[in-house]
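Below, each chain spelled out in residue letters.
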Amino acid sequence: MTIEAKRTPEERFSGLKDWDYTPRYIDDLPGYEGLRMHYVDEGPQDAPVFLCLHGEPSWAYLYRKMMPVFLDAGCRVVAPDFFGFGRSDKPVKDADYTFHFHRNSLKAFFERMDLKDVCLVCQDWGGLLGLTIPMDYPDRFTRLLIMNTGLGLGRPAGPGFDAWRDYVANNPEFNVGDLMKRATPILDDDEVAAYQAPFPDASYLAGVRRFPQLVQTDPDMEGVDTGLAAAKFWSEDWSGESFMAIGMQDPVLGPPAMRAMQKLIRNCPSPMEIADGGHFVQEWGEPIATAALERFGL
């Protein structure tokens, strides 16, 4: 079945601040033929991998302050854009966006890249999706760097998330750059423009509209079984190293949610607290990346 999608013009991404990485593309992932996925792949191919997964409504650009730290340590960085975000193609129909549509695309990407000795680096939807992947490839993942995220377990996410979900539902053409600026006041105009770049107009925003509706806040929602299986993996079977950082100013996935995740993840040490950091804590990411590398001995 062909999925109708839009492709953001390449010129929208020219000259982005602190972002000179070569864009790479895959357009024949099994089950997603014809949809083009963008990713960054930098560093030695045989080095430990930092797989950096963004969330809503950001893209791989979110990791621009962490990637140089990993690369300077001699590691490899792989950072894809989910379909509907960044430089990846954007299906235009809201109904095309489901939890397993995204999870299966991420698995297909992971298998195509044949990644080994992987540190999962995740935040927001990068965790909702990404935290469900290692249980399927337990021998491939050796480390976890987790920030301001959670698993979809079919439970209410609280009034902060409810307000966010309602806002998106009632403002379907909202400006992504403006939203990122409100959530992350330290961004300058060039960085705000980079976050807005993937979305020339509202016809590109289906993924942005849909992701809040897909968060599993009810036990009957798609993906709850997957989230519960992942929770069991992290609490009982995970044997790798972990590092957690918390943006303490996050009103939705801040300290309470992350303390719960710390208790869930087997042998997760006390988190690094970023006092001024908000939900998009990667914007304070350089010291986080440095501390994680020290923790991992890399």
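Structure shown above.
Notes on the structure in this doc start here. (Residues numbered from 1 in each chain as written. Predicted model: local features only at pLDDT ≥ 70, side-chain atom pairs only at ≥ 80, totals over all residues. Heavy atoms only, no water.)

**What about helix H8 (residues 224–237)?**
- Taking 1.5 Å as the rise per residue, H8 with 14 residues should run 20 Å; its terminal C-alpha atoms sit 19 Å apart, in good agreement.
- Listing the buried residues of H8 in full gives Val224, Thr226, Gly227, Ala230, Ala231, Phe233 and Trp234.
- Where H8 is buried, its residues touch helix H2 (99–113), strand S7 (118–123), strand S8 (141–147) and helix H9 (255–264). (Helix = DSSP H or I, 4+ residues; strand = E, 2+ residues; numbered from the N terminus. Expected span 1.5 Å × (residues − 1). Buried < 20%, exposed > 50% of the residue type's maximum accessible area, 1.4 Å probe, protein only. Contact = heavy atoms within 4.5 Å.)

**Structural notes on the packing of helix H4 (residues 159–170) against helix H7 (residues 206–214)**
- Between H4 and H7, the shortest axis-to-axis distance is 9 Å and the interhelical angle comes to 145°. Regarding H4 and H7, the two cross each other, and that crossing is left-handed. On the side of H4, the interface is formed by Phe161, Trp164, Arg165, Val168 and Ala169, while H7 contributes Val208, Arg209, Pro212 and Gln213.
- Taken together, the residues of the contact of H4 with H7 sort by class into six nonpolar, one polar and two charged. (Axes fitted to C-alpha atoms, helices over the stretch in contact; angles between N-to-C directions. Left-handed = near helix turned anticlockwise from the far one by under 90°. Nonpolar A, V, L, I, M, F, W, Y, C, P; charged D, E, K, R; others polar.)

**Focus: the pattern of salt bridges**
- The tally for this structure, following the rule as stated, stands at 17 salt bridges.
- Between Asp188 and Lys17 there is a salt bridge, with the nearest N and O atoms lying 2.2 Å from each other. In this pair, Asp188 sits in the loop between helix H5 (176–183) and helix H6 (189–196) while Lys17 sits in the loop between strand S1 (5–6) and strand S2 (24–26), placing the two residues 171 residues apart along the sequence.
- Asp188 gets classed as partly exposed once you look at its relative accessible area, which sits at 26%. (Salt bridge = Lys/Arg side-chain N within 4 Å of Asp/Glu carboxyl O.)

**Observations regarding the nonpolar core**
- In this structure, Phe50, Leu145 and Trp234 are the most contacted members of the largest nonpolar core, which totals 101 residues.
- Sequence-distant contacts of Trp234, defined by excluding residues within four places in its chain, comprise Leu120, Leu131, Pro134, Leu144, Leu151, Leu264, Ile265 and Arg266. (Core = buried A, V, L, I, M, F, W, Y, C linked by side-chain atoms within 4.5 Å.)

**Topic: the packing of H5 against H6**
- Packing of H5 against H6 leaves a shortest axis separation of 7 Å and a crossing angle of 130°. Between H5 and H6, the angle is such that the two are oblique. As H5 runs across H6, the sense of the crossing is right-handed. Together, Val176, Gly177, Asp178, Met180 and Lys181 of H5 and Val192, Tyr195 and Gln196 of H6 make up the contact between the two elements.
- Among the residues forming the contact of H5 with H6, the class breakdown is four nonpolar, two polar and two charged. (Parallel < 35°, antiparallel > 145°, perpendicular 65-115°, else oblique.)

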